[in-house]
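Close look at the chain arrangement
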Amino acid sequence: MDKQSFILQDTRTGTDGAGDSGTLDMGSRSSLHTGLQMSEDEHWEMNYHEAAIYLEEGLNNEKFDSHPSSPEELPAYLRVHNPWYHGLDLLASLVLILLAFTEDPAVPTFELPVWAHGTIELLALTVIGVELHLKLKWIGWGTILKHKRTMIKGITLLIMVLEAVVVLCRQSSHFRVTRALRPIFLVDTRHCGGVRRFIRQILQSLPPIIDMLGLLMFFVATYSLLGYYLFSEHVDNGHFQTISDSFVSMFVLLTTANFPDVMMPSYAKSKWYAVFFILYIITVLYVLMNLMLAVVYETFTRIEREKCRALLLHRRRAARHAFRLLVSRRAPHAVRLRHFAGLMRHYAPHYSGLDVYLMFKQLNQSASGGLSRSEFANLYDVFALRWAGQHSRAPWYAQSPLEPLGRAAAAAIRWPYFEYLIYALIIGNGVALVLRVCEAAGDLQDSARLLCASWDTWLFLSLFLIEAGLRMMASGLGAYLESGWNVFDLSVTLLALMGAVLLSIAPKLFIVVIFRPLRLMRLYKLKKRYRDVFGTLVLLSPLMSSAGCVMLVMYYFFAIIGMELFASYDLRNCCVNTTVEDFYKYSLNGSTALGYYYLNNFENIVTSGVTLFELTVVNNWFILMNAYATVSGQFSRIYFMVFYLFTMVVLTIVVASVLEAFRFRIQYKRSTTKRDEEKLLHEEVHTNWEEAQRIGVSGELSEELRPHLPPGVEVTFIGSRPRTKEVLQRRMYQTEIQKWLAEEDENEGLPPSTTITSSEDPLAPPLIHQPDAETNHQMRTGYQL
């Protein structure tokens with residue numbers, strides 16, 4: 001279809017481009033307007049396309065005020081939302097990030113001349129600028145103030161373009177601390193939606209954190225003042241000579257990195273001085289820091305619930321907008337199968353006709369042949385379902401030449417003692433490992449070969465491969481790989497096998513010795529507590545990925561600033577006659593046992609990352625801070641203190657997220673049995689060819705369904721959804737979801753919905769059913785953006 005078929009028309013007046021609407025069966029047309037003369041089928045295609053746009057905005061949690069509102073805006077919208085452009089935008093953002101490896105101060109291996117990295121930077125910024133220009137074409141320059149993320153991105157882009165031009169003109173880099181803002185472009189890409197959500201949660205959690213930090217800093221300052229007056233006269237205690245020294249010492253003591261060193265000189269004067277330091281640590285570390293975690297955890301839990309509510313209601317509004325574009329005048333309160341299939345052609349073109357029909361059937365709980373507004377609102381729930389005929393649940397080897405082998409393998413797997421045998425083999429493998437470790441060897445190569453390439457290694461690996469083969473033969477490769485434990489077992493077995501081969505070929509490749517012991521982790525499955533831990537890790541994997549990206553962004557930000565501030569300083573022999581002198585002693589013949597701290601510097605992006613990680617651990621971090629305070633000035637301490645506070649905030653929220661996920665999983669496991677969970681994750685649809693014909697299957701859809709629905713035979717299809725936290729939240733928040741939906745209906749001035757649940761599945765997601773009064777409800781005019 002040509003571009004004009006994507007131009008959506010506003011027909012709130014009931015007229016098409018030619019002014020003749022008498023033959024059109026349109027209930028509500030697209031709010032995008034054009035004067036082109038089009039047929040009714042073309043108008044429907046426009047409605048399908050805009051309805052699909054609404055659903056995508058609901059899925060991606062995009063604001064509806066950025067919805068395209070004119071034919072001129074639509075091409076730009078479609079280009080920016082093209083998956084290929086998303087990939088190009090991501091590539092340009094990554095290139096900008098990686099330029100830090102090539103710019104002065106550069107990693108020696110990757111250093112590029114100024115003209116090269118300057119040109120690459122301008123090209124990447126151009127790609128990002130084109131995307132921003134296209135976005136502003138449809139949201140409008142006047143609305144940019146409402147889109148703070150877009151405004152910040154635009155200002156940053158302008159600054160960086162100007163700086164890149166200056167660098168190219170001067171052919172040398174200047175003080176460019178603004179390079180630290182490059183991650184803004186990466187975070188704004190479509191692929192980093194989870195990272196943006198995590199950053200949003202951090203920002204939403206900041207108010208209580210700032211309140212607690214204010215209280216914490218009050219106690220640090222108070223104890224610093226008291227420490228100055230108590231210990232400043234102690235000549236041998238240099239930690240309290242001035243008020244600023246006292247504050248720095250007590251701030252470092254907050255991390256316990258200088259304890260008990262900061263206490264011992266005063267402790268030598270009087271044992272009673274220990275009370276001061278003990279009370280301080282109890283107050284700020286064990287009371288206030290833990291109280292901060294509790295406050296953040298409570299805030300994070302509330303935000304997580306609110307996020308679930310906001311996403312649910314946003315998607316419901318998106319479905320409501322789409323619904324208005326799909327109803328017809330003949331059926332003003334229901335979406336027919338024909339229009340539902342048209343929507344799917346644009347929203348999910350990869351779905352087969354059978355998938356579309358089964359989704360429609362699953363949504364149409366009233367069996368009326370059309371989706372009501374409340375039934376259509378559950379659209380996002382069925383998108384995650386993957387359908388298979390009930391007959392396909394028969395063993396994969398049925399009626400195949402491998403059936404005897406498959407039956408034998410299935411019988412072996414069902415043997416009551418099969419699992420005990422496997423665990424016995426794993427324990428035997430562990431015992432063999434311990435014996436090999438205890439066995440004396442001539443050198444490291446012989447020891448490694450005995451540990452991971454001896455005859456017992458080959459024996460156990462062969463038995464584990466036989467086990468994996470039996471499980472695959474019994475259940476089929478697809479079903480075997482659906483189990484996380486099966487994937488883990490097969491992966492570590494193959495890795496151990498690869499390690500044994502590599503050790504036989506290259507005896508000095510000691511790193512592969514880690515692979516064989518990994519198989520012992522299967523033993524942790526025996527204890528429920530460990531299963532809960534691993535299950536929590538699975539639920540947390542998306543959040544942990546986002547948190548990891550946020551940490552990397554933070555490291556990049558501080559690494560760039562650190563390089564701009566400190567790259568020119570050499571720390572070798574930098575701190576003569578200071579308390580950290582021994583840590584930086586250096587000579588050509590070799591450093592002292594403590595004298596390698598000069599390597600903790602900011603000479604390039606890689607070294608800066610390592611240095612920042614050491615600061616994150618906070619062990620002896622004040623030694624590095626004091627060294628730079630000596631060579632660059634006392635104000636450099638602000639950089640290190642601010643970095644510690646940033647990492648403390650982010651890590652506190654990460655800990656809160658882990659606690660929330662673990663609590664959520666434990667509550668879910670306590671309230672849900674395996675059978676209940678099976679019902680939650682699977683849906684059944686019973687249908688036949690005659691019913692499909694009554695619903696309105698015709699044309700290409702009819703041809704696609706015919707092979708799957710033999711006439712006169714009822715067929716059952718099983719829909720399976722992934723076991724994600726979003727799915728489990730629907731189970732845990734059932735009562736809240738009903739309340740949220742009722743409040744939304746009341747706020748929107750719509751007829752109240754009544755929540756009903758299938759009698760066959762009490763744990764199924766709530767089905768929203770409108771009362772009969774809905775049939776008398778006057779349909780609204782076309783939605784005006």
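This one's a predicted model, so the numbers in the text were calculated from it and none came from an experiment. (Residues numbered from 1 in each chain as written. Predicted model: local features only at pLDDT ≥ 70, side-chain atom pairs only at ≥ 80, totals over all residues. Heavy atoms only, no water.)

**A few points about the overall build of the protein**
If you tally the helices and strands in the protein, you get 29 helices and 5 strands. Here the protein, with 785 residues, has 48% of them falling under the buried criterion. Considering only contacts in the protein between residues 6 or more positions apart, those separated by 24 or more positions represent 72%. A total accessible area of about 38,800 Å² is found for the protein, and carbon and sulfur atoms account for 63% of it. (Helix = DSSP H or I, 4+ residues; strand = E, 2+ residues; numbered from the N terminus. Buried < 20%, exposed > 50% of the residue type's maximum accessible area, 1.4 Å probe, protein only. Contact = heavy atoms within 4.5 Å. Areas by Shrake-Rupley, 256 points an atom, 1.4 Å probe, with all protein chains shown as cover.)

**Examining the pattern of salt bridges**
On inspection of all chains with the given rule, the structure shows 23 salt bridges. Measuring nitrogen to oxygen at the nearest pair gives 2.7 Å for the salt bridge that ties Glu467 to Arg519. Taken together, the residues Glu467 in helix α18 (residues 455-475) and Arg519 in the loop between α20 (484-505) and α21 (528-566) connect sequence positions 52 residues apart. For the pair shown, Glu467 and Arg519 are each scored as buried. Note that Asp489 and Arg522 form a salt bridge whose closest N and O atoms lie 1.9 Å from each other. (Salt bridge = Lys/Arg side-chain N within 4 Å of Asp/Glu carboxyl O.)

**Considering the packing of helix α22 (residues 605-617) against helix α24 (residues 637-671)**
In the contact formed by α22 and α24, the axes pass within 10 Å of each other and the chain directions differ by 70°. As the angle between them shows, α22 and α24 are arranged roughly perpendicular. By crossing handedness, the relation of α22 to α24 is classed as right-handed. On α24, the residues touching Leu612, Leu615 and Thr616 of α22 are Tyr639, Phe640, Phe643, Thr647 and Leu651. When its residues are assigned to classes, the contact of α22 with α24 shows 6 nonpolar, 2 polar and no charged. (Axes fitted to C-alpha atoms, helices over the stretch in contact; angles between N-to-C directions. Parallel < 35°, antiparallel > 145°, perpendicular 65-115°, else oblique. Left-handed = near helix turned anticlockwise from the far one by under 90°. Nonpolar A, V, L, I, M, F, W, Y, C, P; charged D, E, K, R; others polar.)

**Description of the UniProt feature "transmembrane region" (unreviewed entry) in the protein**
If you check UniProt for "transmembrane region" (unreviewed entry), the listed places come out as residues 155-173, 212-231, 243-260, 272-297, 458-481, 493-515, 536-558 and 638-662 in our numbering. The distance separating the terminal C-alpha atoms of residues 272-297 is 37 Å; by composition the span is 92% helix and 0% strand. Here residues 638-662 runs as 100% helix and 0% strand, with 36 Å between its end C-alpha atoms. (UniProt positions renumbered as here; feature names shortened; annotations may be inferred.)

**Topic: a nonpolar patch on the surface**
A contiguous nonpolar surface patch, about 380 Å² in accessible area, is contributed by Ile278, Ile282, Tyr286 and Val287. Positionally, Ile282 belongs in helix α10 (residues 274-326). Given a relative accessible area of 39%, Ile282 falls into the partly exposed group. (Patch = residues over 30% accessible without salt bridge, like charges linked within 9 Å, V, L, I, M, F, W, Y side chains within 5 Å.)

**Some words on a positive patch on the surface**
A grouping of Lys63, Lys148, Arg197 and Arg200 is seen on the molecular surface, where their side chains present a positively charged patch. Tracing the chain through its elements places Arg200 in helix α7 (residues 193-231). The class for Arg200 is partly exposed, based on a relative accessible area of 36%. (Lys, Arg positive; Asp, Glu negative; His and termini not counted. Charge placed at Lys NZ, Arg CZ, Asp CG, Glu CD.)

**Brief notes about unusual backbone geometry**
Residue Pro105 is bonded to the preceding Asp104 through a cis peptide linkage, with omega at 0°. In this structure, Pro105 sits in the loop between α3 (83-98) and α4 (114-139). In this chain, Phe259 is followed by Pro260 through a cis amide linkage whose omega measures 10°. Among the structural elements, Pro260 can be located in the loop between α8 (243-254) and α9 (264-269). Although it is not a glycine, Thr256 adopts a positive phi angle of roughly 65°. As for its position among the elements, Thr256 is in the loop between α8 and α9. Residue Thr256 is classed as partly exposed on the basis of its relative accessible area, which comes to 34%. Positive phi, normally seen in glycine, also occurs at Val618, with a value near 65°. Among the structural elements, Val618 can be located in the loop between α22 and α23 (621-632). According to the relative accessible area criterion, Val618 is buried, its value standing at 15%.

**Some words on the packing of aromatic side chains**
The description of an aromatic ring pair rests on the distance of the ring centres and on the angle between the ring planes. Counting across every chain of the model gives 39 aromatic pairs. Summarising the aromatic geometry, the rings of Trp485 and Phe488 are spaced 5.9 Å apart at their centres and angled 90° between planes, so their arrangement reads as edge-to-face. Of this pair, Trp485 and Phe488 both sit in helix α20, 3 residues apart, roughly one helical turn. Under the relative-accessibility criterion, Phe488 is labelled partly exposed at 22%. In this arrangement the basic side chain of Arg315 is found over the ring face of Tyr380, its NZ or CZ atom lying 5.3 Å from the centre. We note Arg519 situated over the ring of Phe464; from NZ or CZ to the ring centre the distance is 4.3 Å. (Phe/Tyr/Trp six-rings, centres within 6.5 Å; stacked < 30°, edge-to-face > 60°. Lys NZ or Arg CZ within 6 Å of the ring centre and 35° of its normal.)

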